[in-house]
Amino acid sequence: MRFGFVGLGWAARAFHEPALRSVPGVELVGGADGVEEQRAAWTQRTGAPAFATLEELIDSARPDVVVVGTPPDSHADLCIRALQGGAHVICEKPFVSTVEEADRVLAAAAAAGRSIAVNHQYREKPIFRAVKERVGAPDIGRLVFCQIVQLMNLPPWEETTPWRAAMPNRTLFEGGVHLVDLLLYLYGEVPEAVYARHSSGLESDREADAIHLVTLEFPGSRLAQITIDRLCRAGTRYIELRADCEHASLRASHGGRVLLQAGMKRAERPGIRVLFGLGGTAWVEKGMKRKTIARNPRNPGVAATGALFQKIAVALEQGREPPSSGSEARDALRVIEAAYSSAATGERIILHPATHTPQPSTNP
């Protein structure tokens with residue numbers, strides 16, 4: 001399977017290129033970028049040809065799959081052009097800017113008989129995959145409540161990347177999409193309703209959601225919460241996940257954890273406890289007992305992207321809808337749009353069943 005990239009900047013260098021090297025049976029055939037310096041660096045780094053436009057890449061290199069790694073406001077147009085050029089697409093998150101754009105891309109995929117997937121690679125990080133695999137197990141039980149907390153010391157207005165800094169609704173859309181996707185992945189369905197609030201803290205004159213609180217209502221009276229605080233001046237945590245199930249709690253801490261506890265606290269056993277996981281750790285808690293179930297590698301982003309790319313490639317070869325599909329990414333966008341609408345109006349937003357056409361089963 002022949003892969004080509006459009007957008008040869010940071011995402012391609014940091015994630016897509018190294019991830020593709022771990023996928024068996026694929027060939028990197030070229031890249032496209034409008035910036036000459038990026039093209040020159042790409043060719044020197046990979047040995048593959050670089051082109052100024054997506055159309056040149058498709059005409060000259062004939063990729064079976066195009067990986068879109070440009071800023072999100074260009075995703076819809078590039079995805080549609082790649083699909084119309086006969087390629088399947090893997091798009092970097094966030095998928096597109098709106099649900100309406102997602103519908104246009106999915107319609108283009110259906111018309112072209114091609115598939116689209118989105119790089120929601122957090123699903124493939126060992127700690128989150130371990131949590132997903134254990135939900136519903138006899139000793140764990142069904143998922144009752146899940147909470148995801150992100151604490152960062154980086155206000156949106158201090159972003160150094162221009163396109164990120166220019167987005168007033170960035171926190172939940174650009175970075176928080178991973179958290180939304182993880183909840184949909186764990187619950188296996190779309191929530192029935194969303195209620196949200198956001199704030200720029202004391203910087204009330206700034207239009208930015210530095211703090212975001214989201215409640216999701218899933219079928220069966222099950223709730224979930226997302227808390228994002230980008231004004232945290234204390235210890236920061238990239239993702240802390242707790243999935244409370246019928247018989248046990250599943251925990252995952254992303255971003256590294258080395259902790260030595262000594263002594264006794266309420267509801268804990270006395271003694272010494274060591275928690276270690278440089279890339280993140282997942283564990284099961286039952287009362288005062290805990291058992292580690294997974295650890296991330298040192299570079300979990302590349303490893304997870306490679307694992308997801310491999311699963312997508314296999315699905316495309318077999319003519320199946322790929323994992324982390326465009327349809328699933330559309331569901332995440334529906335939740336995000338509902339959260340921003342709720343924050344603006346103060347209303348609880350009901351999500352009606354999706355009406356978009358699913359992607360077809362195709363052959364490459």
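Reading the values: the criteria
- Residues numbered from 1 in each chain as written.
- Predicted model: local features only at pLDDT ≥ 70, side-chain atom pairs only at ≥ 80, totals over all residues.
- Heavy atoms only, no water.
- Helix = DSSP H or I, 4+ residues; strand = E, 2+ residues; numbered from the N terminus.
- Buried < 20%, exposed > 50% of the residue type's maximum accessible area, 1.4 Å probe, protein only.
- Contact = heavy atoms within 4.5 Å.
- Areas by Shrake-Rupley, 256 points an atom, 1.4 Å probe, with all protein chains shown as cover.
- Pairing = 2+ DSSP bridges.
- Axes fitted to C-alpha atoms, helices over the stretch in contact; angles between N-to-C directions.
- Polar contact = N/O pair within 3.5 Å; in protein donor to acceptor, adjacent residues only side chain to side chain.
- Arc of directions from axis to C-beta.
- pLDDT = per-residue confidence, 0-100.
- Phe/Tyr/Trp six-rings, centres within 6.5 Å; stacked < 30°, edge-to-face > 60°.
- Lys NZ or Arg CZ within 6 Å of the ring centre and 35° of its normal.
- Parallel < 35°, antiparallel > 145°, perpendicular 65-115°, else oblique.
- Nonpolar A, V, L, I, M, F, W, Y, C, P; charged D, E, K, R; others polar.
- Core = buried A, V, L, I, M, F, W, Y, C linked by side-chain atoms within 4.5 Å.
- Disulfide = S-S within 2.5 Å.
- Salt bridge = Lys/Arg side-chain N within 4 Å of Asp/Glu carboxyl O.

If you tally the helices and strands in the protein chain, you get 11 helices and 17 strands. Per-residue burial over the protein chain gives 52% buried out of 364 residues. Of all intrachain contacts in the protein chain linking residues separated by at least 6 positions in sequence, the fraction that spans at least 24 positions is 68%. Summed over all atoms, the accessible surface of the protein chain reaches about 16,200 Å², with 51% contributed by carbon and sulfur.

With that settled, the discussion passes to the sheet that holds strand β2 (residues 27–32). Spatially, six strands are ordered β3-β2-β1-β4-β5-β6 in an open sheet, and the strand pairing comes out parallel. Either end of the sheet is taken by a strand with one partner, and the two such strands are β3 (50–51) and β6 (116–118). Bridge count between strand β4 (residues 65–68) and strand β5 (residues 88–91): four bridges; the pairing is parallel. Its bridge partner being in β5, V67 is matched across the sheet by I90. Against the sheet, helix α3 (residues 54–61) touches β1 (2–6), β2, β3 and β4, its axis set at about 150° to β2.

A few words now on the environment of A112. Among the secondary structure elements, A112 is positioned in helix α5 (residues 99–112). The class for A112 is partly exposed, based on a relative accessible area of 31%. For the pair A112 and Q84, spaced 28 residues apart in the sequence, the C-alpha separation amounts to 6.0 Å.

This part takes up the side chain of E92. Mapped onto the elements of the fold, E92 is located in the loop between β5 and α5. Polar side-chain contacts of E92 include one of 3.0 Å to the side chain of N119. What E92 contacts, discounting residues up to four positions off in sequence, is H16, V68, G69, H75, V118 and N119.

Let us now look at the sheet that holds strand β11 (residues 237–245). Two orientations exist for strands paired in a sheet by backbone hydrogen bonds: parallel and antiparallel. Strand order in this open sheet of nine strands is β16-β15-β12-β11-β7-β10-β9-β8-β17, and the pairing throughout is mixed. Two strands in the sheet have a free side with no partner beyond their single neighbour: β16 (289–295) and β17 (349–350). As defined by bridge partners, strand β8 (residues 193–199) adjoins β17 across two bridges and the pair is classed as antiparallel. Note that in β17 the partner of A193 across the bridge is I350. Sheet contacts for helix α9 (residues 177–187): β7 (143–151), β9 (211–218), β10 (222–229) and β11; angle to β7, the most-contacted strand, approximately 165°.

All of the buried residues in α3 are L54, L57, I58 and A61. Each buried residue of α3 lies within a common arc of 105° when the element is viewed along its axis, so the set occupies one face. Opposite the buried face of α3, at more than 90 degrees from it, the exposed residues are D59 and S60.

On average, residues of the protein chain carry a pLDDT of 90, and 89% of them reach 70 or more. This model gives residues 355–364 a pLDDT under 50, and the stretch forms 39 contacts once residues within four places in sequence are excluded.

So, about the packing of aromatic side chains. On inspection of all chains with the given rule, the structure shows six aromatic pairs. The aromatic ring of Y122 is capped on one face by K125, whose charged end is 3.6 Å from the ring centroid. The ring of Y185 is capped by K132, whose NZ or CZ atom sits 5.2 Å from the centre of that ring.

The contact between helix α4 (residues 75–84) and α5 brings their axes to 9 Å, and the two run at 5°. Regarding the angle of α4 to α5, the classification is roughly parallel. Across the interface between the two elements, A76, C79, I80 and L83 from α4 touch E101, R104, V105, A108, A109 and A112 from α5. Across the contact of α4 with α5, the residue classes tally to eight nonpolar, no polar and two charged.

Another point: the nonpolar core. The nonpolar side chains of a soluble globular protein tend to be buried, and buried together. F95, V105 and L241 are the most contacted members of the largest nonpolar core, which has 79 residues in total. Beyond its immediate stretch of four places on either side in the chain, V105 contacts A76, C79, I80, L83, F95, V96 and I116. Core analysis: the second largest hydrophobic core is formed by 18 residues, F5, W42, V65 and L308 among them.

Next up on the list: the state of the cysteines. A complete count under the given rule lists zero disulfides for this structure. Considering cysteine sulfurs only, C91 is the nearest to C79, which forms no disulfide, with 3.8 Å between them. In this structure C146 is not part of a disulfide, and its nearest cysteine sulfur, from C245, lies 8.4 Å away.

With that settled, the discussion passes to the pattern of salt bridges. When the charged atoms of two side chains with opposite charge come close together, those side chains can pair. Tallying each qualifying case throughout the model produces 20 salt bridges. Between R123 and D181 there is a salt bridge; the shortest N-O distance is 2.8 Å. Here R123 is found in the loop between β6 and α6 (126–134), whereas its partner D181 is found in helix α9, with 58 residues between them in sequence. The same class applies to R123 as to D181, namely buried. Between E285 and R251 there is a salt bridge; the shortest N-O distance is 3.3 Å.

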